[in-house]
Amino acid sequence: QVQLVESGGGLVQAGGSLRLSCAASRSIFSISAMGWYRQAPGKQRELVAIITSRGSTNYADSVKGRFTISRDNAKNTVYLQMNSLKSEDTAVYSCNARGVGLLRDLDYWGQGTQVTVSS
């Protein structure tokens, strides 16, 4: 069992920035890919960014150049730096840990944090 706790959400004006944090209860980065997902009202949940156990990153086209995913192994925390925020970025953002290799069936989610971008 791994617990993930997100923080850092809030209300920000368009063009502003927020940094989301996802703290894991245990050191899991070596065995998991960490991802940020979001779900806006009336839309399907989508993958925003992912960082693999090896440190490689991938982003949704809609956030490339604006968002950065990173991790701090010592703090067991993954971050999502969000810059140049737009109204369409408004969503509940959730952190996900997915096991890699032989642990690929492991799947953990945080409770989510609301991000609201005002126009």
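Draft legend 1. Up close: the state of the cysteines. The tally for this structure, following the rule as stated, stands at one disulfide. One disulfide in the model links C22 with C95; its S-S distance is 2.1 Å. On the S-S bond that ties C22 to C95, the torsion sits near -80 degrees, and the link is left-handed. Taken together, the residues C22 in strand β3 (residues 18-24) and C95 in strand β9 (residues 91-99) connect sequence positions 73 residues apart. In terms of burial, C22 and C95 fall into one category: buried.

Draft legend 2. Focus on the nonpolar core. Ranked by internal contacts, the top residues of the largest apolar core, which has 30 residues, are L4, M34, W36, V78, L80, M82 and Y93. When contributions to this core are tallied by element, the ones reaching two or more residues are β3, β4 (32-39), β5 (46-51), β7 (67-72), β8 (77-82), β9 and β11 (113-118). Each residue touching M82, except ones within four places of it in the same chain, is listed here: G16, S17, L18, L20, R66, F67, Y93 and V115.

Draft legend 3. Focus on the packing of aromatic side chains. One pass over the structure, following the stated rule, counts one aromatic pair. Here Y37 and W109 contribute two aromatic rings whose centre-to-centre distance is 4.9 Å and whose plane-to-plane angle is 55 degrees, an arrangement assigned as tilted. Of this pair, Y37 sits in strand β4 while W109 sits in strand β10 (residues 107-109); the two residues are 72 residues apart in sequence, bridging distant segments of the chain. In this structure W109 comes out as partly exposed when scored by relative accessible area, which is 30%. Lying across the ring of Y37, R45 places its NZ or CZ 5.7 Å from the centre. Residue placement shows R45 over the ring face of W109; its charged tip is 3.9 Å from the ring centre.

Draft legend 4. Looking closely at unusual backbone geometry. We note that N76 has phi near 55 degrees; this positive angle belongs to a residue other than glycine. In this structure, N76 sits in the loop between β7 and β8. Assessed through its relative accessible area of 17%, N76 is described here as buried. Even without glycine at this site, S84 takes up a positive phi of about 50 degrees. Assignment of secondary structure puts S84 in the loop between β8 and β9. The exposure class of S84 is partly exposed, given its relative accessible area of 42%.

Basis of the calculations
Residues numbered from 1 in each chain as written. Predicted model: local features only at pLDDT ≥ 70, side-chain atom pairs only at ≥ 80, totals over all residues. Heavy atoms only, no water. Disulfide = S-S within 2.5 Å. Helix = DSSP H or I, 4+ residues; strand = E, 2+ residues; numbered from the N terminus. Buried < 20%, exposed > 50% of the residue type's maximum accessible area, 1.4 Å probe, protein only. Core = buried A, V, L, I, M, F, W, Y, C linked by side-chain atoms within 4.5 Å. Contact = heavy atoms within 4.5 Å. Phe/Tyr/Trp six-rings, centres within 6.5 Å; stacked < 30°, edge-to-face > 60°. Lys NZ or Arg CZ within 6 Å of the ring centre and 35° of its normal.

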